[in-house]
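Below are the chains, spelled out letter by letter.
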Amino acid sequence: MVKESLDRRELQFQFAKRYFEEFISQRLHLQPYLKPQETPLLLLDLEGIKRRYKEIELYMPNFRIYYAVKANDHTSVIKALSEKGSGFEVASLEELKKVLSLKVEPERIISSNPVKSEEFIDYAYSVHVNRFAVDSFTEVEKIAKVAKRARVYVRLVVPNEGSDWPLSKKFGVDVDTAIDILEYAREKGLVPYGITFHVGSQCNNYRNWFIAIRKSAELWEKAKRRGFRLQMLNMGGGIPVKYTYEALRIEDIAYYIKGLLQKFFPNPPHELQIEPGRGIVGDQGIMITRIIGKAKRNDENWLYVDTGVFNGLAEALGGIRYPFYIDREGELKEWTIGGVSCDSMDVIAKMVALPEPEVGDHLYILSAGAYTTVYASNFNGFPMPKVLCL
Ligand SMILES: *Cc1c(COP(=O)(O)O)cnc(C)c1O
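Residues numbered from 1 in each chain as written. Predicted model: local features only at pLDDT ≥ 70, side-chain atom pairs only at ≥ 80, totals over all residues. Heavy atoms only, no water.

1. Side note on the packing of aromatic side chains
For the coordinates displayed, the defined rule picks out 14 aromatic pairs. The interplanar angle of 45° and the centroid separation of 4.9 Å between the aromatic rings of F20 and Y364 together place this pair among those described as tilted. You can see F20 sitting in helix 1 (residues 2-25) and its partner Y364 sitting in strand 17 (residues 362-365), a full 344 residues away along the chain. Y364 carries the same exposure label as F20, and that label is buried. (Phe/Tyr/Trp six-rings, centres within 6.5 Å; stacked < 30°, edge-to-face > 60°. Helix = DSSP H or I, 4+ residues; strand = E, 2+ residues; numbered from the N terminus. Buried < 20%, exposed > 50% of the residue type's maximum accessible area, 1.4 Å probe, protein only.)

2. Overview of the site of the ligand
Near the ligand there are 14 residues, and of these K70, S201, E275, G277 and Y371 occur at the shortest range. Contact between the ligand and K70: an oxygen atom at 2.7 Å from a side-chain N or O atom of the residue. For the ligand, the protein covers 92% of the area, taking 390 Å² as the surface of the free molecule. Along the lines of polarity and charge, the residues of the shell around the ligand split into three nonpolar, six polar and five charged. (Near = heavy atom within 4 Å. Polar contact = N/O pair within 3.5 Å; in protein donor to acceptor, adjacent residues only side chain to side chain. Areas by Shrake-Rupley, 256 points an atom, 1.4 Å probe, with all protein chains shown as cover. Nonpolar A, V, L, I, M, F, W, Y, C, P; charged D, E, K, R; others polar.)

3. A few points about the side chain of T372
Here T372 is to be found in the loop between strand 17 and strand 18 (386-389). A polar contact is formed between the side chain of T372 and the backbone oxygen of A368, at a distance of 2.8 Å. Apart from the residues within four sequence positions on either side, T372 is in contact with L42, M287, G312, L313 and Y322. (Contact = heavy atoms within 4.5 Å.)

4. So, the pairing of strand 2 (residues 63-68)
For strand 2, the buried fraction is high: five of the six residues fall into the buried class. As judged from the three bridges shared by strand 2 and strand 3 (residues 87-89), these two strands associate in the parallel manner. Each bridged residue has a counterpart across the sheet, and for Y67 the counterpart in strand 3 is F88. Chirality of the crossover, the property in question, places the unit of strand 2, helix 3 (residues 75-83) and strand 3 among those that are right-handed. (Pairing = 2+ DSSP bridges. Right-handed = clockwise from strand over helix to strand, strands pointing away.)

5. A few points about the domain arrangement of the protein chain
Per the domain assignment, the segments of the protein chain are domain 1 (8-43 + 284-389) and domain 2 (47-280). Centre-to-centre, using C-alpha coordinates, domain 1 lies 32 Å away from domain 2. Each side of the interface is counted separately: domain 1 has 23 residues, and domain 2 has 21 residues. Carbon and sulfur atoms make up 59% of the surface buried where domain 1 meets domain 2, a total of about 1900 Å² over both sides. It is F15, Q284 and Y371 in domain 1 that bury the most area against domain 2; as a group they hold 31% of the surface buried on that side. Viewed at the interface, domain 2 and domain 1 are joined by one salt bridge. Taken together, domain 1 and domain 2 are joined by four residue pairs in polar contact (both at pLDDT 80 or more). Looking at the side of domain 1 that touches domain 2, the elements with two or more residues in it are helix 1 and strand 18. Among the elements that make up the side of domain 1 that touches domain 2, the one with the highest residue count is helix 1 (three residues). The residue inventory of the side of domain 1 that touches domain 2, partitioned by class, reads 13 nonpolar, six polar and four charged. (Domains from an automatic or database assignment. Buried area = accessible area lost by both parts, 1.4 Å probe. Salt bridge = Lys/Arg side-chain N within 4 Å of Asp/Glu carboxyl O.)

6. With respect to the UniProt feature "modified residue: N6-(pyridoxal phosphate)lysine" (unreviewed entry) in the protein chain
Here, the residues flagged by UniProt with the feature "modified residue: N6-(pyridoxal phosphate)lysine" (unreviewed entry) are K70. Relative to the elements of secondary structure, K70 occurs in the loop between strand 2 and helix 3. Look at K70 and you get partly exposed, because its relative accessible area is 40%. Not counting residues up to four positions away in its chain, the partners in contact with K70 are E95, Y371 and V374. (UniProt positions renumbered as here; feature names shortened; annotations may be inferred.)

7. Comments concerning the nonpolar core
Grouped burial of nonpolar side chains is what soluble globular proteins tend to show. Judged by nonpolar contacts, the single largest core of 119 residues is most densely connected at F324 and L354. Broken down by element, the residue count for this core peaks at nine residues, all from helix 8 (residues 206-225). Per-domain counts for this core show at least three residues from each of domain 1 (8-43 + 284-389) and domain 2 (47-280). (Core = buried A, V, L, I, M, F, W, Y, C linked by side-chain atoms within 4.5 Å.)

8. Quick notes on the packing of helix 7 (residues 175-187) against helix 8
Axes are the key here: two packed helices are described by the angle between their axes and the distance separating the axes. Contact geometry of helix 7 with helix 8 gives a least axis separation of 10 Å together with a crossing angle of 40°. It follows from the interaxial angle that helix 7 and helix 8 lie oblique. Both helix 7 and helix 8 take part in a crossing whose hand is right-handed. Contacts from V175, D176, A178 and I179 of helix 7 reach helix 8 at K215, E218, L219, K222 and A223. For the contact of helix 7 with helix 8, a count of residues per class yields five nonpolar, no polar and four charged. (Axes fitted to C-alpha atoms, helices over the stretch in contact; angles between N-to-C directions. Parallel < 35°, antiparallel > 145°, perpendicular 65-115°, else oblique. Left-handed = near helix turned anticlockwise from the far one by under 90°.)

9. Quick word on the sheet that holds strand 10 (residues 232-234)
With respect to topology, eight strands assemble into an open sheet ordered 4-3-2-11-10-8-6-5, the strand pairing being parallel. Among the strands making up the open sheet, the edge pair consists of strand 4 (109-110) and strand 5 (131-134). As paired elements, strand 8 (residues 191-196) and strand 10 share three bridges and run parallel to each other. Bridge pairing in strand 10 links G194 to M232.

See the structure below:
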């Protein structure tokens, strides 16, 4: 028993250590910034973000990429991706205005948020963003009212099994309802444009794409028989990145999806779209925090750091396990990592194998590029992480 648990710790720490060393050795320009005075700090590798974008483009050449802005809305990230020709998926007025202010043309913007305020739709349409997702009759009515000739694409519900951050409970409809929604959109004068789905964020299960594409094909065929001429299939997000385990690779996912499209879509959709968020920025950022306290509570070793689930690590609450690294040697102990605030929910991770640090040491949190700063608040008066794009 003892032997086995020691090995698990060793494996876990070695994985994080190797990840850290590889991350830095491939990004020597980040090295001078690894021991900042001011923490927490998110270091983002802009070249890496562009590289990930180009990689997805390379492996999925038939797809138009719409970066999901909610994953990381930093101005430099949007600018870098815009330079590479990316499109953008926005959900709110603020995201939309930010993307437009960076000179992105409205033709490069879509909104796949299935439930939007009328104010948002109105504004978006007035600035010539005219493609919107729908998954209810009410949404069709809202869009028809203020965006008379908008193009709408319907969101199917698909399985999110094996996705670390599932999204399927909140949105999406079955095939028959989807047809009825498209029918209703047509009656209301809107343009039925296509289909979308989301396999769940950080999706490591090929089967989700399988079911999703099969369902989309079923809807596509039914729609055709009902006289619709759909143009577009949008596959949402879901591309995973490495955390405490290796994720599916983009080249493998692309290959698999290509096969599914050949199988289920003998006549391929005129337009294919994908909306990666995490898959572009997730593993291009490292969060640098500092140890501010240590304690032993019953049998548990606790470390306290200067950020937490309210200041950027919200995903730690619901399924994402970050790799942690500390620049020390020595016997590995198992730690619970507590966040900076006084809320008892503010625990970042449990059972993290690390050598014993001292107060003041930097603690590195890998794969912190997506869904961190965008979630951060000032709760309890503690600062949000600063961001440095290099
Ligand atoms: C969040 C979201 C995405 C991005 O998902 P990732 O898993 O981060 O790639 C894409 N599309 C929609 C509609 C989303 O809500």
